[in-house]
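# Coordinate analysis (summary)
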Amino acid sequence: MKILEGQSNLLSNHEVYEHILEQQKKNRSKDRRVPPNQFTLTKDLLTCLRTKPGPLANQDKTHQYSTEALYELFKKLREANLQSDLSKGEMLMIVNLRPTNIAVLSTVVEDMLERFTEDEQQKIIDIITETLGFDEPAEAAEGEEYDEDAEPSIENS
């Protein structure tokens, strides 16, 4: 097997997830035997992609991520004149991480404070949560209170 063009395309986690599920269905329908290491690899990969806080964690139930939803995300960002300011890598990371607040978005977008105003940053977050949804925050353990304004520290992290 030869690699003709290295890194000619980038794949999102959703595309990898869909491809793996499609391959599993194809193998089951044809009663194909797969090598044990391939079985282990696909099982571990699906487990990793379905693990919270990843956006694909509830994909089996919610089906929030779809090709149509991703096209809708790109369309809305383009309509808001924000997509042209984002690189391909940043768009891929937005799809893979589904940031739901500005702090997480700033880890994805390079020099975000210089490139976007606060209103534009919030607009990006609103478009992401509108098209791709968001997970409800995890409930605090029983008897444990959660203070949203608490500063992160070693004691309370």
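Thresholds, definitions, all that
Residues numbered from 1 in each chain as written. Predicted model: local features only at pLDDT ≥ 70, side-chain atom pairs only at ≥ 80, totals over all residues. Heavy atoms only, no water. Helix = DSSP H or I, 4+ residues; strand = E, 2+ residues; numbered from the N terminus. Buried < 20%, exposed > 50% of the residue type's maximum accessible area, 1.4 Å probe, protein only. Contact = heavy atoms within 4.5 Å. Areas by Shrake-Rupley, 256 points an atom, 1.4 Å probe, with all protein chains shown as cover. Core = buried A, V, L, I, M, F, W, Y, C linked by side-chain atoms within 4.5 Å. Axes fitted to C-alpha atoms, helices over the stretch in contact; angles between N-to-C directions. Parallel < 35°, antiparallel > 145°, perpendicular 65-115°, else oblique. Left-handed = near helix turned anticlockwise from the far one by under 90°. Nonpolar A, V, L, I, M, F, W, Y, C, P; charged D, E, K, R; others polar. Expected span 1.5 Å × (residues − 1). pLDDT = per-residue confidence, 0-100. Salt bridge = Lys/Arg side-chain N within 4 Å of Asp/Glu carboxyl O.

## Points about the overall build of the protein chain
In terms of helices and strands, the protein chain carries eight helices and zero strands. Written out in order from the N terminus, the α and β elements of the protein chain read α-α-α-α-α-α-α-α. Looking at the protein chain residue by residue over its 157 residues, the buried ones come to 29%. Nonlocal contacts in the protein chain, meaning residues at least 24 apart in sequence, comprise 62% of its contacts between residues at least 6 apart. In the form shown here, the protein chain has an accessible surface area of approximately 12,000 Å², with 50% of it arising from carbon and sulfur atoms.

## Overview of the nonpolar core
Of all hydrophobic cores here, the largest spans 26 residues; its most connected members are Leu73 and Leu77. Counting only elements with at least two residues in this core, the list comes to helix H1 (13-29), helix H2 (36-49), helix H4 (67-79), helix H5 (88-97), helix H6 (102-108) and helix H8 (118-132). The element contributing the most residues to this core is H8, with five residues. Every residue in contact with leucine 73, bar those within four places of it in the chain, is listed here: Ile94, Val95, Ile127, Ile128, Thr131 and Leu132.

## Side note on the packing of H1 against H2
For the pair H1 and H2, interaxial distance at closest approach is 11 Å and the crossing angle is 140°. Overall, the two elements H1 and H2 adopt an arrangement that is oblique. Remark: the crossing between H1 and H2 carries left-handed chirality. Along its contact with H1, which presents Asn13, Val16, Tyr17, Ile20, Leu21, Gln24 and Asn27, the element H2 presents Gln38, Thr42, Leu45, Leu46 and Leu49. In terms of residue class, the contact of H1 with H2 is built from seven nonpolar, five polar and no charged.

## Details of H8
Residues that lie three or four places apart on an α-helix share one face, since the helix turns once every 3.6 residues. For H8, with 15 residues, the first-to-last C-alpha span of 21 Å sits near the 21 Å given by 1.5 Å per residue. Within H8 the residues assigned to the buried category are Gln121, Ile124, Ile125, Ile127, Ile128, Thr129, Thr131 and Leu132. Residues of H8 that are buried make contact with H4, H5, H6 and helix H7 (112-115).

## A closer look at the confidence of the model for the protein chain
Mean pLDDT for the protein chain: 77, with 76% of residues reaching 70 or above. Of the regions scoring below 50 in pLDDT, residues 139-143 engages in one contact with residues more than four places distant in sequence or in other chains.

## With respect to the environment of leucine 132
In this fold, leucine 132 is placed in helix H8. Classification of leucine 132 as buried rests on a relative accessible area of 0%. With 32 residues separating them along the chain, leucine 132 and threonine 100 place their C-alpha atoms 9.8 Å apart. Leucine 132 has contacts with Gln64, Tyr65, Ala69, Leu70, Leu73 and Arg98, leaving out every residue within four places of it along the chain.

## Remarks on the pattern of salt bridges
Per the counting criterion, the structure on display carries three salt bridges. Here lysine 76 and glutamate 130 are joined by a salt bridge, their closest N and O atoms 2.3 Å apart. Taken together, the residues span a long stretch of sequence, with lysine 76 in helix H4 and glutamate 130 in helix H8 at a distance of 54 residues. Looking at glutamate 130, the relative accessible area reads 55%, which means it is exposed. Among the salt bridges present, the one from glutamate 90 reaches arginine 115, with a minimum N-O distance of 2.8 Å. Residue glutamate 90 is found in helix H5, and its partner arginine 115 is found in helix H7; the two are separated by 25 residues along the sequence. The class of glutamate 90 is buried, set by a relative accessible area of 6%. Residue arginine 115 is classed as partly exposed on the basis of its relative accessible area, which comes to 33%. Each member of the salt-bridge network shares a partner with another, and the members are Glu72, Lys76 and Glu130.

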